[in-house]
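Residues per chain, in single letters:
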Amino acid sequence: MFSSFGLFQSLPCPERNNCNRPSCVFSHSLDLLSHHSLNIPVQKVQPLPQTSPSTDVGLHAGPSKRPFHDLTQGPSSSSHASLSGPPTQRLRVGTAKKPVAVPAASHTSTGVPIIRINPAQSQVAIPVRQAMLKTLYEHFVVLYETILPLNPTLASEHALRQEEQVYSKSTKLTYRNAVINSIAALKRRLTPTSISHPSVGTEEDLAARAESRKKLDDLQVTRLLLKPIVMSLEAMQTWGFITEMPEGLGGDQPNAEGKIIQCERCTQSYMVKTNPTAEECQYHWGRLFTHKVNGERMRSYSCCQKLAEEGGCTRGHHVFYESAAEDLHSRHAFSYTRPSVADTETDTALDVVALDCEMIYTTGGMRVARVSVVDGSGKEVFDELVRMDDGVEVIDYNTRFSGITREEHAQATLSLSSVRKSLDAFINRDTIIIGHALHNDLNTLRIIHHQCVDTAIIFPHRAGPPYRRSLRDLAKEHLGLTIQAGGGTSGHSSVEDSVATLDLVRWYILNKLKPITKT
């Protein structure tokens, strides 16, 4: 038995007198104090006294403690939501999205556009993107050198859009090389001569235009496809087409010399003369349009922005325009298109043509000076200037709209009758003629034809008849083309307009017309 060190001799034996150990390590002396157990007092939580609404809030020095809830009881009900602690933070689950930089750029009319984006949203450093944008802008300026005077913001707008397109398709590592490739592609483009040139636009613009162009070119316009949109006789009469032969000899009064007629431009009455000397007419060559100034509706002219009640901005000769069938017939006789040949294999007439004319003012009213025809595939088949009939003198070549000058028209050799005979090779009674405001072209050609498709009708004006949308607006909206872009100086091109009307009909067939089911 080991000896004891007496380490527990100061502690009383827990069993006291009942201890049976022969050598107890605890003390059995009666002089030792009894061992006190550890007793930690706990203060009971007293309920808060009920206070009335008028009780002074200053008595509460601080907010009361939240009551303890047993975690085993689960979350408290919604009725105790106000007594529970603050809501725990909700963890986000799912993949982190790639930051997208939404540009908000500004640019001056001729300067480099400035990228204004939150740097944290851009994968590529903003100074790097700005430098690349500046380089793109400089190359667009070189490319658009010939068209920038009429479109000063074009280079800035296209450079900005090109940079956005490149950034959206590239990463931080590929961005710079992608911009360099775009610049190389710009250098390979042909120099545009007009805003409608194929070289104008960003890479996505060119690709979308090429895809749309391919769809249009692949569509061969046929009589079967056009049948649902051929105008009825009632519709043609409503829209000013001449559908029956007018009364009278026809061509018995080729001019109106010596007659008092109202001027189409200034609405004043005047006497028609062969060689007018003084420019007595003061008029606006633009159209009236409605706009708001300080909340007030105003009507102004597009040519000079003057108000409707103000005097004309241009001086010229008095001119007149006739629309009555009898008047037109008296200047030059109407005639029907020829019937089809019994042997269809020898008939050279086409199934579909698109036609457009340019007109000038004469002593015999407004007369045709140029005729252009394209076939159903858009190929030019006829384009000739028209010499005036004997006794008819030109008063105004209307170059601003016709595009015809005195020097060009002097080379015309075919009279209207000769042109009509030439058109018989392409057009018979079954040929469908496509045009825009086609009644004007047919009336000035003195043609009566019943198979017509008019783009001014199949694309109606929102205000309804007799209003018509311009061919320029329709081509811009549906084809993305800018035609008649001379700015009131170089005039229209009848070939360009006839192709545009054909393409509009193709677009309508592809996008609006329900497919024809063969039975």
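Residues numbered from 1 in each chain as written. Predicted model: local features only at pLDDT ≥ 70, side-chain atom pairs only at ≥ 80, totals over all residues. Heavy atoms only, no water.

The subject of this paragraph is the nonpolar core. Residues Phe241, Leu355, Val371, Leu423 and Leu445 are the most contacted members of the largest nonpolar core, which totals 28 residues. Elements with a contribution of two residues or more to this core: strand E8 (352–362), strand E9 (365–375), strand E10 (380–387), helix H10 (416–423) and helix H11 (438–445). No other element matches the five residues that E8 contributes to this core. Apart from residues no more than four positions distant in its own chain, Leu355 is found in contact with Ser372, Val373, Ile427, Ile433, Ile434, Gly435, Leu438, Asp441, Leu445 and Ser498. Counting 26 residues, the second-largest nonpolar core is a separate cluster that includes Ile432, Ile458, Ala475 and Leu502. (Core = buried A, V, L, I, M, F, W, Y, C linked by side-chain atoms within 4.5 Å. Buried < 20%, exposed > 50% of the residue type's maximum accessible area, 1.4 Å probe, protein only. Helix = DSSP H or I, 4+ residues; strand = E, 2+ residues; numbered from the N terminus. Contact = heavy atoms within 4.5 Å.)

On to the environment of Glu257, then. Among the structural elements, Glu257 can be located in the loop between helix H6 (233–238) and strand E1 (260–262). Taking the C-alpha atoms as reference, Glu257 lies 8.0 Å from Gly364; in sequence the two are 107 residues apart. With near-sequence residues (within four places) excluded, Glu257 lies in contact with Val272, Thr274 and Thr363.

Relative to the helices and strands, Tyr167 resides in helix H2 (residues 154–169). With relative accessibility at 8%, the residue Tyr167 sits in the buried group. Here the alpha-carbon distance between Tyr167 and Val179, two residues 12 residues apart in the chain, equals 8.5 Å.

Tracing the chain through its elements places Gln484 in the loop between helix H13 (471–479) and helix H14 (494–511). Overall, Gln484 belongs to the buried group, its relative accessible area being 16%. Put simply, Gln484 and Asp497 are 13 residues apart on the chain and 8.2 Å apart in space, counted from C-alpha to C-alpha. Look past the residues within four positions of Gln484 in its chain and what remains in contact with it is Leu471, Arg472, His492, Glu496 and Asp497.

Let's shift gears to the packing of aromatic side chains. For the coordinates displayed, the defined rule picks out six aromatic pairs. Each ring, one from Phe382 and one from Phe426, has its centre 6.3 Å from the other, and the planes form 55°; the classification is tilted. Residue Phe382 is found in strand E10, and its partner Phe426 is found in the loop between H10 and strand E13 (432–435); the two are separated by 44 residues along the sequence. Centre to centre, the rings of Phe459 and Tyr508 are 5.6 Å apart; their planes meet at 80°, and the pair counts as edge-to-face. (Phe/Tyr/Trp six-rings, centres within 6.5 Å; stacked < 30°, edge-to-face > 60°.)

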